[in-house]
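Chains, contacts and geometry: an overview
Okay, here's what each chain looks like letter by letter:
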Amino acid sequence: MALTAVAPPPRTPRRVGVRRLLGLSWILPAVVVLGVFVYLPLVQNLGFSTLEWDIYSGSQVFIGADNYAKLVGDPIFWSSLGNNVLYAVISLAFQVFGAIVLAAVIESIRSDRWRRGLRAIYFVPSAISLTVAGLLFYFIYEPNLGMLNYVLDHVGLGAWAQPWLGQESTAMTAIIVMSQWQGFGYSTLLFAVAIQRVPSELYEAAAIDGIGPVRRFFTITLPLVREMTGLMIIVTISGAFQVFNEVMVMTSGGPNNSTQVLGTWLYRNGFVRNDFGYAAAIATVIFVVTLGIALVQLWINRRRRVEW
Amino acid sequence: MHAQRFTAAAALAAASALTMAGCAGGSAAPAADVTAEPEYSGTLSILTKFGGDPLGPYFENLAAAYEEEHPDVTVELIQETDQSVKDKTKTLTASGALPDIYFTWTGNWAQNFIDGGLAADLTDVIGPDTEWGATFGEASLSAFEVDGKYYGIPLYNNGKFMGYNTAIFEEVGIEVPTTFEELIASCEPLRAAGYEPIAFGNKDGWPALHYLQQLFAYNVPSDVLHDDFSPSTATLDDPGYITSLEQFKTLVDECTDTGTGTNGVLYTTAQEALAGGRAAMYYQEILEFDTVTAEGNTLTPENFGIFALPVPEGAAGEPGAIEGSPEGYLINAKSPRAALAVDFMKFATTLENATTLSSPPYGQPSTVVGAVTPETSSVAVFEGITKVNEASDLVIWLDTVTVPEVADAWLAGGEALISGGSTPEEVLESVRNASDAAK
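Nothing here was measured: the structure is a model prediction, and the numbers come from that model.

What to know about the overall build of chain B
When helices and strands are counted, chain B shows 19 helices and 13 strands. Taken over the C-alpha trace, chain B has a radius of gyration of 24 Å; the compact-globule value for 439 residues is 22 Å, and the two agree within 12%. When the backbone C-alpha atoms are referred to their principal axes, chain B occupies close to 80 × 60 × 45 Å. Sequence-distant contacts in chain B: of pairs separated by 6 or more residues, those separated by 24 or more amount to 74%.

See the structure below:
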């Protein structure tokens, strides 16, 4: 039986308009949800940051940019920002550059079983929620009963034992170490997937030409996972400026505000000091910083797409 | 272009509708009539601080019994812990969703709700001259009195004491110290015998404030101390503050095993050190007495003793002061079921229910007269509450008596003092700055 092609109806302006409206109606729910739950709160937050807001009486007094002026003179805001930057730098080193290297090493292993096994081993910490991991490490770091000091004591390094989370000099680093442990495997897995997409012919040709594994990594792997690297840099830096859970669980920003990050300082001002206007100003800073980083990164990566 | 306009218009319409709905929800409700005859129907919401074991079942049983008496009433419990109730209360307040009955501390915490018009004036039902009010100790009622009006329903009383293991004291040959200096001196022999002299965990910051407030009460003249709680009258220049901070630092360095690392230890870990027989002493609230001596612990009620933190020699403040205050409940001034809420709280504070609250496993010494007796409560709880009732001055917790900015500065200062990050002078300076900024 012969099939007869049905001619499409003529594209009249009216029909095109209807089709466009129909198409828009499909995306409308997502647009409304995004608008209400993402963009509207952003705008509202900007408004709140210009208020002195008493949550008890409900009074809201417009004070213009006073909360932003207060930020400039708040030493804990700056130390919090510094902690976020430290977090971002260390996370970049471990979760982006360290993870690429590890992924490349894992993917270069010939044994399929070992490759899969190692990927799983590195990924397991990422399957644990950050809050649970924070609690786990809180007990590892506990000065009297914690595993870390216990191990140090028993391998003859008792002098290195510290109240890791209890003193200003070590608390922030201890939290960041936990965070790297938790997030490292996830980044490694993503890079491993990106490396798997690189055509094996390129590596084979390079090997025939006598190029060693280190040079292959720099001349083949790195350029061809550039997109994933860009994405991971954005995600890692943005994540570093949104840190909250692990700090709350492990130190709540203490001791003496030494582990405050922007997120916990925001929380402390809102929920402890009742200064919700100032907390909204800090939230705006976090938004601007993360948006700025994302835009810069996207701009840098805009023409570097590699096709093969 | 049309598509963009259409999308934007749709989003704006939806957003506006939701915003307007939110505004409508926030409109002022009529003031609660707490004297009205309760209508026994509907849902009564209650925010408690009794989340988890062993306290959780208390309100659950209470709610079940009340629902049995009044089948058309449903009691909806929101049970939080000591730490989480702070965030929960503020979130519910900011979103205009406070329950009908909600937990409160005394001091600045309750004052905020009273000033904000969120706490119903209960004078006509719980004032000292009323039938219900007469069932409470007058000092407990006064803790929630502002300008002659009574706002709170005090549920239980509380105070801070040094709990100690009498068997360890006997083994080491130590008497209960009568001065702060004797307390410090007792630490060395206890440590030599293999025990942590005083278990202390300050991860949350507030345990340090409890020591500090008691020492302030001893070292700073009472009128000066009370003036210093309010930023508008505070000077914070009494030498007793520096003395107290130095004494506290000495205690941390000499008597705890964790020393400068105490900020990394949970208060519950310290509590367990006493309960497990590893530590000789632990500074604790009456509310914790039955927990440290609960069944299964090494520390038994027979081996558990308490004493007030000993007064330092030559202290210029009030030697008979004890840190503590009642904790209780407020009724939402905008609740349409305020009369029912009052009725429920009357039910919660009957002598029978108050006695249950005061007895193990709950061990929360009720403010209802006659509920705490040697027969119904544990020996330590009875002794503690007797000392609280006999105290010459009851000083409210430092983290709730003053404004949050100042309390937060004390909290950070206490941590810095423990870790060695700040000197007593630097701590006091930072608190003074916070107080000046809050004026």
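We are not done yet, so read on.
Quick notes on the environment of Pro197 of chain B
Residues and elements named next belong to chain B. Locating Pro197 in the fold gives a position in strand S8 (residues 196-199). Taking the C-beta count within 10 Å as the criterion, Pro197 has 27 such neighbours and is therefore assigned buried. Considered as a pair, Pro197 and Gly163 are 34 residues apart in the sequence and their alpha carbons are 12 Å apart. Those residues in contact with Pro197 that lie beyond four places of it in its chain are Ser186, Cys187, Leu190, Arg191, Cys255, Ala280 and Met281.

Observations regarding the confidence of the model for chain B
Mean pLDDT over chain B works out to 91, with 93% of the residues at or above the 70 mark. In the model output, the complex is listed with pTM 0.84 alongside ipTM 0.81.

Observations concerning the pairing of strand S2 (residues 73-79) of chain B
Residues and elements named next belong to chain B. Inspection of the sheet shows strand S1 (residues 42-48) paired to S2 by seven bridges, in the parallel sense. Across the sheet, the residue bridging to Leu44 is Val75, located in S2. Note on the crossover from S1 through helix H2 (residues 56-69) to S2: the handedness is right-handed.

Brief notes about the interface of chain A and chain B
Reports of interface size often rely on the accessible area that becomes lost once the parts have come together. Listed per partner, the contact involves 32 residues of chain A and 37 residues of chain B. Contributions of two or more residues to the side of chain A that touches chain B are made by helix H1 (13-48) and helix H12 (262-272) of chain A. Sorting elements by how many residues they give to the side of chain A that touches chain B places H1 of chain A first, with eight residues. Considering only residue class, the side of chain A that touches chain B consists of 17 nonpolar, 10 polar and five charged.

Regarding the sheet that holds strand S12 (residues 327-331) of chain B
Residue and element names in this part refer to chain B. A sheet is described by the order of its strands in space; here five strands give the open sequence S2-S1-S3-S12-S6, paired in mixed fashion. In this open sheet, the two edge strands, each paired with only one partner strand, are S2 and strand S6 (152-156). The mean inter-strand angle of the sheet, taken between neighbouring strand axes irrespective of direction, is 25°. Here two bridges tie S1 to strand S3 (residues 101-104), and the two strands are oriented parallel to one another. Of the residues in S3, the one forming a bridge with Ile46 is Ile101. Against the sheet, H2 makes contact with S1 and S2, and its axis sits at roughly 170° relative to S2, the strand it touches most.

Some thoughts on the sheet that holds strand S9 (residues 279-285) of chain B
Residues and elements named next belong to chain B. Spatial ordering of the open sheet is given by S8-S9-S7-S10, a layout of four strands whose pairing is mixed. The open sheet has two edge strands with one neighbour each: S8 and strand S10 (304-307). Sheet twist, expressed as the average angle between the axes of neighbouring strands with direction ignored, equals 25°. Here S8 pairs with S9 via three bridges, running parallel. Residue pairing for S9: Ile198 is matched across the bridge by Met281. Across the sheet, helix H12 (residues 267-275) lies against strand S7 (160-165), S8 and S9, angled at about 130° from S9, the strand it touches most.

Topic: the confidence of the model for chain A
Across chain A, pLDDT averages 90, with 94% of residues at or above 70. Per-element confidence in chain A is highest for helix H2 (residues 66-72) of chain A, whose mean pLDDT is 96, and lowest for helix H4 (residues 112-123) of chain A, whose mean pLDDT is 88.

Reading the values: the criteria
Residues numbered from 1 in each chain as written. Chains lettered and ligands numbered in written order. Predicted model: local features only at pLDDT ≥ 70, side-chain atom pairs only at ≥ 80, totals over all residues. Helix = DSSP H or I, 4+ residues; strand = E, 2+ residues; numbered from the N terminus. Rg over C-alpha atoms; globule rule 2.2 N^0.38 Å. Contact = placed C-beta atoms within 7 Å. Buried ≥ 20, exposed ≤ 12 C-beta atoms within 10 Å, placed from the backbone. pLDDT = per-residue confidence, 0-100. Pairing = 2+ DSSP bridges. Right-handed = clockwise from strand over helix to strand, strands pointing away. Nonpolar A, V, L, I, M, F, W, Y, C, P; charged D, E, K, R; others polar. Axes fitted to C-alpha atoms, helices over the stretch in contact; angles between N-to-C directions.

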